[in-house]
Protein chains: 2
Amino acid sequence: MAEEGKRNLLLTLRFIGTNYHGWQYQENALSVQEVLIRAGEGVLGGPARLHGCSRTDSGVHALTYCANFHTDHPIPCQKLILALNAHLPPDIAVTDCREVPEEFHARYSTQEKEYRYRILNSSIRDPFLEGFCYRYPHRLDEQLLEETFSCLLGTHDFRGFSSVGWETTDTVRTLTGLRVERRGDVVDIFLKGDGFLYNMVRIIVGTMLRVSEGKLSAQDLLTLLETGDRSLAGPTAPAQGLALYQVYYPEEALMR
Amino acid sequence: MAEEGKRNLLLTLRFIGTNYHGWQYQENALSVQEVLIRAGEGVLGGPARLHGCSRTDSGVHALTYCANFHTDHPIPCQKLILALNAHLPPDIAVTDCREVPEEFHARYSTQEKEYRYRILNSSIRDPFLEGFCYRYPHRLDEQLLEETFSCLLGTHDFRGFSSVGWETTDTVRTLTGLRVERRGDVVDIFLKGDGFLYNMVRIIVGTMLRVSEGKLSAQDLLTLLETGDRSLAGPTAPAQGLALYQVYYPEEALMR
């Protein structure tokens, strides 16, 4: 399908996912995409076909999210940012806008994505992190976890780390970054790669917790990676700890 | 008045002030103190006389807040933390509890307090900072502000930097710390001292913005400090940017 509109605009967003059923438009639930399309109608005077960089699960946040659309509207990028923000609710903001080549597509042009999973490693709540982390009281050894899970780096079949429900047959992905960082009681797990299967980040985190509890050994982890046996993996960690952290495009995809 | 109860317990709290009319109990509005007293009744079986380290304004947050009370209840400190948190709403948490000498008083034993005022220095909203900062679009020079306002350090009569409404006649305070730090678009102003007048931090911040806008010179600032003429100072910056950051007690006040 040909896109209407000569300008192709790439929007960068930040949103708190708590009140939304993910990015993707759905008939019976409120999505970030729907709210953004409505705001766009208010500004541009008509609906736009918005392409998001990825589906996100219900309740998942985005520190950076990218979406593009084509338009013939002449509004300057800086003005569009302010106008959209005036139409958006407090939990969604447009942080940047730039013109990109006609063929750029927020999803298909993606080179890599990085997710952050935030754990509050404490028996005590933190009001300021409520809804933005998963609280886990047992002491985590961030160095040990990073070392143990470095075996996931590289190109592997990650089907053992995905939930059923996606009709994808290609479950091979390349993980290029895995870091576990602690600052006080906050443990952040960063995963970077060319693509992620359904629930993959949350299942890797759930498996980390299982390893941390001594219920799964480093050897079991290798077996899980080799056999793809989902039953060996940990449970899916809660959505609220997850945030899309960064989206990477190749320079040439952005150059006009 | 003699305090009932042989144990004197010092609680450390964190709270989001948005939904409360400050710390102090009031007849017709919900306060943090009232919510904490109710939680304490649920745990200890009766009301406690809670002494807070300071009044805080409506909507002001606390990264650290201290309060003490006397009790005969034998509950161990660690258990009390968990029990209180189970009775408290998500926006208030007890983060620590320790036994202190009988005569310790969260307010009168205070040596110093430190406040943080957070500014989002951007024309663009950030959903994750919504309600936790004051958004100010004009570029702030954090080094220049820190230098210009360093004249406030030391012991001065700060009546020019306070709102009417407090029946205090002693308006001399000692400011021991003043820092302006930037990380990306976030500018944090830290003020530390032996005590603060009503709205003093927020008026100093409002005056910083006025200086930044070129509407008040460094010389005007000195005049304001010397004459105590409130009309020279800037407006009171909004409550949502302010948080009580740290409370300092002398070691001997805490030692049993």
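Here the structure is a predicted model, which is why all the values come from computation and not from measurement.

A. Spatial organisation of the interface of chain B and chain A. Taken together, the contact pairs 18 residues of chain B with 18 residues of chain A. The set of elements that each furnish at least two residues to the side of chain B that touches chain A consists of β1 (7-15), α2 (77-87) and β4 (92-100) of chain B. Of the residues contributing to the side of chain B that touches chain A, the split by class is 10 nonpolar, three polar and five charged.

B. Highlighting the relation of the copies chain B and chain A. Structural alignment of chain B on chain A gives an RMSD of 0.0 Å, achieved by rotating through 180 degrees and translating 0.0 Å along the axis. Such a combination of turn and shift is consistent with a two-fold rotation axis. Considering only C-alpha atoms, the part of chain B nearest the rotation axis is F128 of chain B, at 5.1 Å.

C. Just unusual backbone geometry, in detail. All names here are of chain A. Unusually for a residue other than glycine, N199 sits at a positive phi of about 65 degrees. Of note, N199 is situated in the loop between β9 (186-193) and α4 (200-212). On the neighbour-count criterion, N199 (20 C-beta atoms within 10 Å) is buried.

D. The arrangement of helix α1 (residues 32-44) of chain A in detail. Residue and element names in this part refer to chain A. A rise of 1.5 Å per residue sets the reference length of α1, with its 13 residues, at 18 Å; its end C-alpha atoms lie 18 Å apart and thus fit the reference within 8%. Taken together, the buried positions of α1 are occupied by V32, Q33, L36 and G40. The buried residues of α1 occupy an angular sector of 90 degrees when projected down its axis, which confines them to one face. Those residues of α1 hidden inside the fold are in contact with β1 (7-15), β2 (51-52), α2 (77-87) and β4 (92-100).

E. Spatial organisation of the domain arrangement of chain A. Per the domain assignment, the segments making up chain A are domain 1 (7-109) and domain 2 (115-245). In the side of domain 1 of chain A that touches domain 2 of chain A, the residues fall into four nonpolar, seven polar and one charged.

F. Geometry of the environment of T148 of chain B. Residues and elements named next belong to chain B. Relative to the assigned elements, T148 resides in helix α3 (residues 142-149). A sequence separation of 102 residues divides T148 from G46, and the C-alpha atoms of the two residues are 51 Å apart. Ignoring anything within four residues of it in the chain, the contact list for T148 reads V211, A218 and L221.

G. Examining the packing of helix α1 (residues 32-44) of chain B against α2 of chain B more closely. Residue and element names in this part refer to chain B. Running from N to C, α1 and α2 point in directions that differ by 120 degrees, and their axes come no closer than 9 Å. With respect to α2, the axis of α1 lies oblique. Crossing of α1 against α2: the hand is right-handed. The segment α1 lies against α2, with A39, G40, G42 and V43 engaging L80, A83, L84 and H87. Taken together, the residues of the contact of α1 with α2 break down into five nonpolar, three polar and no charged.

Parameters at a glance
- Residues numbered from 1 in each chain as written.
- Chains lettered and ligands numbered in written order.
- Predicted model: local features only at pLDDT ≥ 70, side-chain atom pairs only at ≥ 80, totals over all residues.
- Contact = placed C-beta atoms within 7 Å.
- Helix = DSSP H or I, 4+ residues; strand = E, 2+ residues; numbered from the N terminus.
- Nonpolar A, V, L, I, M, F, W, Y, C, P; charged D, E, K, R; others polar.
- Least-squares fit on C-alpha atoms with pLDDT ≥ 70 in both.
- Buried ≥ 20, exposed ≤ 12 C-beta atoms within 10 Å, placed from the backbone.
- Expected span 1.5 Å × (residues − 1).
- Arc of directions from axis to C-beta.
- Domains from an automatic or database assignment.
- Axes fitted to C-alpha atoms, helices over the stretch in contact; angles between N-to-C directions.
- Parallel < 35°, antiparallel > 145°, perpendicular 65-115°, else oblique.
- Left-handed = near helix turned anticlockwise from the far one by under 90°.

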